[in-house]
Amino acid sequence: MTHGDSAGPVCSLKFVTLLVVLGLELLFVGAGVQLQENGYNGLLVAINPQVSEDQNLIPNIKANVIVTDWYGARGDDAYTLQYRGCGEEGKYIHFTPDFLLNDDLTAGYGSRGRVFVHEWAHLRWGVFDEYNNEKPFYINGQNQIEVTRCSSDITGIFLCEGGPCPQENCVISKIFKEGCMFIYNSTQNATASIMFMQSLSSVVEFCNASTHTQEAPNLQNQMCSLRSTWDVITDSDDFNNSFPMKGTELPPPPTFSLVQAGDKVVCLVLDVSSKMAKADRLLQLQQAAEFYLMQIVEIHTFVGIASFNSKGMIRAQLHQINNDDDRKLLVSYLPATVSAEAETSVCSGLKKGFEMVEKLNGKAFGSVMILVTSGDDEHITNCFLTVLSSGSTIHTIALGSPAVKNLEELSHLTGGLQFFVPDKSNSNSMLDAFSRISSGTGDIFQQHIQLESIGEYVKPHHQLKNTVTVDHSVGNDTTFLVTWQTSGPPEIVLFDPNGRKYYTDDFITNLAFRTARLWIPGTAKPGLWTYTLNNTHHSPQALKVTVTSGASRSAVLPATVEAFVERDSTHFPHPVTIYAIVRKGFYPILNATVTATIESETADPVTLKLFDDGAGADVIKNDGIYSRYFFSFAVNGRYSLKVRVHHCPSISTLAHSIPGSHAMYVPGYITNGTIQMNAPRKSVGRREEEQKWGFSRVSSGGSFFVLGVPADPHPDVFPPCKIIDLEAVKVEEEVTLSWTAPGEDFDQGQANSYEIRVSKSLQNIQDDFNNAILVNTSKLNPQQAGTKEIFTLSSQLFTNGPEHQPDGETQKSHRIYVAIRAVDRNSLKSAVSNVAQASLLIPPNSTPVFARDYLILKGALTAMGFTGIICLTIVVTHCVLNRKKRADKKENETKLL
């Protein structure tokens, strides 16, 4: 793998791969990948349990991959889910079993090794594709029709209506003709680029500064500010912190470790120090742990319970869950009281958890620890090495702000999740955390999906009333959980969609834990379920409702939401980016209403609406990943995140377009002068499904930490966010610009003004934006963030005179480049947007297309005119002669008489 620059040493990377064949939750796939001695260690593969076992899968898998065939009719494209910007790591690579096993697909994609290198560049280095299926052609700065590619040295021919044709035939009335394509030669001299067409045998490099095509309308140029892929790659930590291999010796082959999934083992490691007595912490733990044991943890899982204060103890040895009696037995071992001792030793509790697991398997590898604590522990770092070497995954739940400062490091080291539960009686964060944690089978049909989570303070003799949607894809093992704060249970009334009523007496009540649980036998009726909780007491009550359900049948994939933040900690004023992936299987779900609720220890919750519009924090439009910036930091410390998704009962559009970046499928090649087409690619269109009831989902997004928050009032340090979707289109003598409006602060509010600059030089506007031509925008008033902006400017602005070039020369060009930035009320400016481009004139090669049509028509009309005149002359002459002949004949007849 090289960069195409002979001036420096060739960089070769070996792949030392850890292959794990497990059904993992895959939230942190690749989090443990490290570059060591020019080799990657800790790479992970997860094969979904729904995939049929096939020994041929293993040799064809590379690393850091999800293998599943949930795509159905979507096709066999290998793709990488990229949800962040240029140079940022992606989430995972996806392969289908058919792609790994069917050798016929290599004709269109190339060898699997080449495809993997393409996808690895997406995943690890955050570069994007250099082709564009929606814009396969464009008009370059020299007014020539060009193919969207990198490098431009890759050769081929234009194909129109099944046969070769000149390039001008691909343009009709200034519009690229539908069905026109460019077929590439199978034998090439070009060596770049891997991010364009990895299938060509000659391609062994990424495009660098000398081969990169900055004008091409591809995602790499849009997302990376016209930088080449090699420029982005060499700027990564991998290349900055390591030295390339020298010489011609090949790197060592990758090493695979195959680990088969074993028994599922979960240990609850619970804090029982005196600090758990504050703010109903123990009560919330009891309620959530009971629900987890009775409802969430999967059947056949081994579960044990340990507790700790200054010392650890085993409360319940590992016990396999096979029925409800096993679940109830484990609930009986949950702590009923706290100790008088305030000191906590997290390491002592974890030690007891490892001890339990080792009795079963001889080692803790593959086990899951759910660690809940509210105390501080100065010695928590003493067991970090033990934790790291154990191979166990640790999920941490911090209760209240005093909880251990380094607690989340245990999650970081082991790939676990981290949660925060504020000391608020109406917060449902504890139940949300336990509902999010899975024992890790990866099989969605065995997991519970959270449909509802709400908590409110209810005044005496008032009620909490709401509805929850049970859609047709869920309904099995549906459970309604009601919890309260003090005294006896509220008066509960629950209506199913058919009007059947359930009352408090129908619920299983645990007065000690203050919970009431209703399990719906069979499959719950799809539709709206309405619940009412009446506070019959004389004091306010914190009443909470949680609803979970499982997939209704294996043939129907349920909609899911996965919420997370870009980073686990930040420092003011840097924002946190919130993400929510909404999908059905792996199909992105569009047009959903997605809201995030962020809670801190003391401030009121903040609610944000997330968007999938390709603007602001959202990188790619309509990929099912909803995003938003959060920067309303009230205090220093931990924040919890919960995301709620609602989809209205209507036609639900599932986007079948690849949610990220994927290897190019080549429709065919020219071999020895003959066009050889590959098999048609599987359909990747859109499918619509009837959603009579819509759906609702809730998921915890974990927690994050904020430092450096100043005391109120906060200074205005938040500029508008960068515009990333600027487009320019020339219409007659004008250029129309369009973009999504940013806000006064990042993507919220309303900016004060826009600064638009244009140039005939790409280098000018890219490297020296401030000295490009400034456009008069005095009449352009920014709209509310998220609104589509449109602004038109005259092309005469660019043709009435030469523009100063960097080298002092005048550059003749028919193409313009535009960029924009937003300015807020305090003159804080956003980063410069992506550069948009437009052609001012029709390319000379394409002019004959419509000029020729005109000339042909004009010639035909002229010829017809001449023919008509000749015919008219002949007719007139003939008539005149006939008339004269008749006149002469009449005169002769008169003379004869």
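Residues numbered from 1 in each chain as written. Predicted model: local features only at pLDDT ≥ 70, side-chain atom pairs only at ≥ 80, totals over all residues. Heavy atoms only, no water.

Draft legend 1. Quick look at helix α12 (residues 407-414). Every buried residue of α12 is accounted for by L407, E408, L410, S411 and T414. Seen end-on, α12 carries its buried residues on one side only, within an arc spanning 145°. G415 sits one or two residues past α12 and shows a positive phi near 75°. (Buried < 20%, exposed > 50% of the residue type's maximum accessible area, 1.4 Å probe, protein only. Helix = DSSP H or I, 4+ residues; strand = E, 2+ residues; numbered from the N terminus. Arc of directions from axis to C-beta.)

Draft legend 2. Expanded view of helix α4 (residues 112-125). The terminal C-alpha atoms of α4, which comprises 14 residues, lie 19 Å apart, in line with the 20 Å expected from a rise of 1.5 Å per residue. Along α4, eleven of the 14 residues are buried, which leaves the element largely enclosed by surrounding structure. Residues of α4 that are buried include every one of R112, V115, F116, H118, E119, W120, A121, H122, L123, R124 and W125, and no others. Following α4 by one or two positions, G126 has its phi on the positive side, about 70°. (Expected span 1.5 Å × (residues − 1).)

Draft legend 3. Up close: the confidence of the model for the protein chain. The pLDDT averaged across the protein chain works out to 84; a share of 81% of its residues lies at or above 70. For the stretch residues 804-811, pLDDT sits under 50, and the model shows eleven contacts to residues farther than four places along the chain or on other chains. Note on residues 842-867: pLDDT under 50 across the span, and 24 contacts to partners over four residues away in sequence or across chains. (pLDDT = per-residue confidence, 0-100. Contact = heavy atoms within 4.5 Å.)

Draft legend 4. Inspection of the sheet that holds strand β19 (residues 312-320) at higher detail. Read from one edge to the other, the open sheet built from six strands follows the order β19-β18-β17-β20-β21-β22, with strand pairing classed as mixed. Looking at the sheet topology across the chains shown, the edges are occupied by β19 and β22 (418-421). The average undirected angle you get between the axes of adjacent strands in this sheet is 15°. Sheet topology note: the strand β17 (residues 265-271)/strand β18 (residues 302-308) ladder contains seven bridges and is parallel. (Pairing = 2+ DSSP bridges. Axes fitted to C-alpha atoms, helices over the stretch in contact; angles between N-to-C directions.)

Draft legend 5. Spotlight on the pattern of salt bridges. Under the criterion given, the structure shown has 22 salt bridges. Here R124 and D238 are joined by a salt bridge, their closest N and O atoms 2.9 Å apart. Of this pair, R124 sits in helix α4 while D238 is found in helix α7 (residues 237-240), placing the two residues 114 residues apart along the sequence. Taking the relative accessible area as the measure of exposure, R124 reaches 11% and is therefore buried. (Salt bridge = Lys/Arg side-chain N within 4 Å of Asp/Glu carboxyl O.)

Draft legend 6. Spatial organisation of the sheet that holds strand β25 (residues 474-483). On the basis of which strands lie adjacent, the open sheet formed by five strands has the order β23-β31-β25-β29-β28 and antiparallel pairing. Each edge of the open sheet carries a strand with a single partner, namely β23 (449-458) and β28 (508-510). Direction aside, the axes of adjacent strands within the sheet are offset by 15° on average. Relative to strand β29 (residues 515-523), β28 is paired through three bridges, and the arrangement is antiparallel. Counted as the bridge partner of T509 is A516 from β29.

Draft legend 7. Layout of the nonpolar core. The biggest cluster of nonpolar side chains holds 55 residues, and the ones touching the most others in it are F95 and F158. No other element matches the six residues that α4 contributes to this core. Those residues in contact with F158 that sit more than four places away from it in its chain are F137, I145, V147, G163, P164, C165, Q167, C170, C180, M181 and F182. Counting 36 residues, the second-largest nonpolar core is a separate cluster that includes L282, L330, L334 and A433. (Core = buried A, V, L, I, M, F, W, Y, C linked by side-chain atoms within 4.5 Å.)

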